[in-house]
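Overview (structure and organization)
Listed below are the residues making up each chain.
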Amino acid sequence: MSAIWGIVNREKPISTEANISESMNIFTFDSFNEISQNNIYLACGHQNFSKKSPQNKSPFYYNSFYISSDCIVYNRDELIADLNIDKSYSDDSIIAEMFLRYGEKFVTKLRGSFSIFIYLPDNQEILLYADHLSRRSIFYKYTPDTFYFSTVFQPFALIDSGKQFKLNEKWISAAYTDCSADTVKYLGETVYEDIYAVQPGHYIKYNFKEKNIENISYWRPLENKSKYKSYTDDDFKNTFITTYADVIKRFLISQGNTGIMLSGGLDSSSVASITAPLLSNQNQNLYSYTQIPSNEYIAHNTCFSIEDETPYIKLQQEMYPNIVAKYINVSELNCFSNLEKFQKI
């Protein structure tokens, strides 16, 4: 994926774009595009790992609006047919054409991982979209006349001449009250005060003229649950397997080889069981990575605890010979080792 960031002021020229982009130098990008025009500054650091990624050109001006997106579109073929456009269109160009055709509700037709910024200068209106599950977080801050956005926090550090943002103690306290992975208790807020996140399945609309911000939901999956009332167990099973396999197939868009962090657990094993045959049909391997204990450690696997998952990986290799397994012994490291380095990837 890539990173997008930018500033829009209602009237005044933007003067901090160079410093803001410099703050992103800690990341590795394959290419960099920007628009700097009076009261608008938009930038995108592109990371190319899918087959279509190199074609993306965000940010750009399209018809009557500015657009910048960090996106991978999974239903490209369906959208290209619906729009009757050429297959050479990049993912971000497809999104721009969809907005042109369908307006702000275009996102209901879109499937993928995305963060999207759109600015309509004639209306002085900004739209900021997160995908259905917010796989790519997008953050924003606003004053009556200035709107800031970014998919990472670094650019915000240079707003207001480097003013230190206050930690959001309410958000942090709530996160620490739960030992589960569900640490986000206040949707739309972040670890910093006055910096907000677009919620999953939502977009926000900010109008400079009215100085009004709206938080709009475009995805309500539970509203469609009535259609499943007549489903049998077999219907549910077949629907799940079909959907699961289709999702995995759409993810296999890498420019190079495909890898997986593989354990003996249900989640990664089920993904591998679908991915490996798909790759085998293309004469490709699935490269797996599994952490194992040090050589000195005597592992004890029981029905309640698995300390060495090597036997389970080998069972999967017997079923799917194109899985190429690599076992990683990192006994000298822990979950806090090189944390800052990995945050910058």
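Residues numbered from 1 in each chain as written. Predicted model: local features only at pLDDT ≥ 70, side-chain atom pairs only at ≥ 80, totals over all residues. Heavy atoms only, no water.

**A closer look at the pattern of salt bridges**
To be explicit about the condition: The term salt bridge refers to a pairing of a side-chain nitrogen on Lys or Arg with a carboxyl oxygen on Asp or Glu at a separation within 4 Å. Counting from the N terminus, the helices are DSSP H or I runs at least four residues long and the strands are E runs at least two residues long. Partly exposed residues are those whose accessible area sits between 20% and 50% of the maximum for their type, while under 20% is buried and over 50% is exposed, using a 1.4 Å probe and protein chains only.
Taken as a whole, this structure holds 11 salt bridges when the rule is applied. Across the pair lysine 170 and glutamate 189 runs a salt bridge whose closest N-O atoms are separated by 2.9 Å. In this pair, lysine 170 sits in helix H4 (residues 169–176) while glutamate 189 sits in the loop between H4 and strand S10 (196–197), placing the two residues 19 residues apart along the sequence. By relative accessible area, which is 41% here, lysine 170 ends up partly exposed. Of the residues examined, glutamate 189 reaches a relative accessible area of 24% and is grouped as partly exposed. For the salt bridge of aspartate 178 with lysine 185, the shortest nitrogen-to-oxygen distance reads 2.7 Å. Classification of aspartate 178 as partly exposed rests on a relative accessible area of 25%.

**Quick word on the nonpolar core**
Our working definition: Working definition of a nonpolar core: buried Ala, Val, Leu, Ile, Met, Phe, Trp, Tyr and Cys residues. They are joined through side-chain atoms within 4.5 Å. Contacts between residues were defined by any pair of non-hydrogen atoms, one from each residue, lying within 4.5 Å.
By size, the foremost hydrophobic cluster in this structure holds 27 residues, and its most contacted members are Phe106, Leu110, Ile116, Ile118 and Tyr129. For this core, the elements supplying multiple residues, two or more each, are strand S4 (60–62), strand S5 (65–73), helix H2 (76–83), helix H3 (91–102), strand S6 (112–120) and strand S7 (125–130). It is H3 that provides the largest number of residues to this core, a total of 5 residues. Excluding anything up to four places from it in sequence, isoleucine 118 contacts Phe65, Tyr66, Ile67, Phe99, Phe106, Glu125, Ile126, Leu127 and Tyr129.

**Thoughts on the packing of aromatic side chains**
Here the distance between the centres and the angle between the planes together describe a pair of aromatic rings. Filter applied, for reference: Here a pair means two rings of Phe, Tyr or Trp (six-membered ring of Trp) with centres within 6.5 Å. Their orientation is stacked below 30 degrees between planes, edge-to-face above 60, and tilted elsewhere. For a lysine, the NZ atom is tested; for an arginine, the CZ atom; a charge sits over a ring if that atom is within 6 Å of the ring centre and within 35 degrees of the ring normal.
Under the counting rule described, the total for this entry stands at 27 aromatic pairs. On the numbers, 5.8 Å between centres and 5 degrees between planes, the contact of tyrosine 140 with phenylalanine 147 is stacked. Side by side, tyrosine 140 and phenylalanine 147 carry an identical accessibility label, which is buried. The structure contains a cluster of three or more aromatic residues connected by ring pairs, namely Tyr61, Tyr66, Tyr119, Tyr140, Tyr142, Phe147, Tyr196, Tyr206 and Phe208. The ring of phenylalanine 60 has lysine 57 sitting right over it, with the charged end atom 5.1 Å from the ring centre. Above the ring of tyrosine 102, the side-chain terminus of lysine 109 is found at 4.8 Å from the ring centroid.

**Description of the pairing of S6**
Here is the rule: Two strands are said to pair when DSSP picks up at least two bridges between them.
With 9 of its 9 residues buried, S6 lies for the most part within the structure. The two faces of S6 match: Gly112, Phe114, Ile116, Ile118 and Leu120 on one face and Ser113, Ser115, Phe117 and Tyr119 on the other face are all buried. The sheet contact formed by S5 and S6 spans 8 bridges and is antiparallel. Note on S6: the bridge partner recorded for serine 69 is isoleucine 116. Two elements, S6 and S7, share 6 bridges in a ladder whose sense is antiparallel. What sits directly across from tyrosine 119, in S7, is isoleucine 126. The loop that links S6 with its antiparallel partner S7 comprises 4 residues; one of these, glutamine 124, has a positive phi angle of about 50 degrees.

**Observations regarding the packing of H2 against H3**
What counts is decided by this rule: Axes here mean lines fitted to C-alpha atoms, for a helix over just the part in contact, with angles spanning 0 to 180 degrees between N-to-C directions. With respect to orientation, any angle under 35 degrees is reported as roughly parallel, any angle over 145 as roughly antiparallel, any angle of 65 to 115 as roughly perpendicular, and every other angle as oblique. The handedness criterion is simple: a crossing whose near helix is rotated anticlockwise from the far helix by less than a right angle is left-handed, and one whose near helix is rotated clockwise is right-handed. The residue classification treats Ala, Val, Leu, Ile, Met, Phe, Trp, Tyr, Cys and Pro as nonpolar and Asp, Glu, Lys and Arg as charged. All others, Gly included, are polar.
Here H2 crosses H3 at 45 degrees, and the two axes come no closer than 11 Å. By the criterion of interaxial angle, the relationship of H2 to H3 is oblique. You can see that H2 and H3 cross each other, and the crossing is left-handed. On H3, the residues touching Arg76, Leu79, Ile80, Asp82 and Leu83 of H2 are Asp91, Ile94, Glu97, Met98, Arg101 and Tyr102. Looking at the contact of H2 with H3 residue by residue, the classes come out as 6 nonpolar, no polar and 5 charged.

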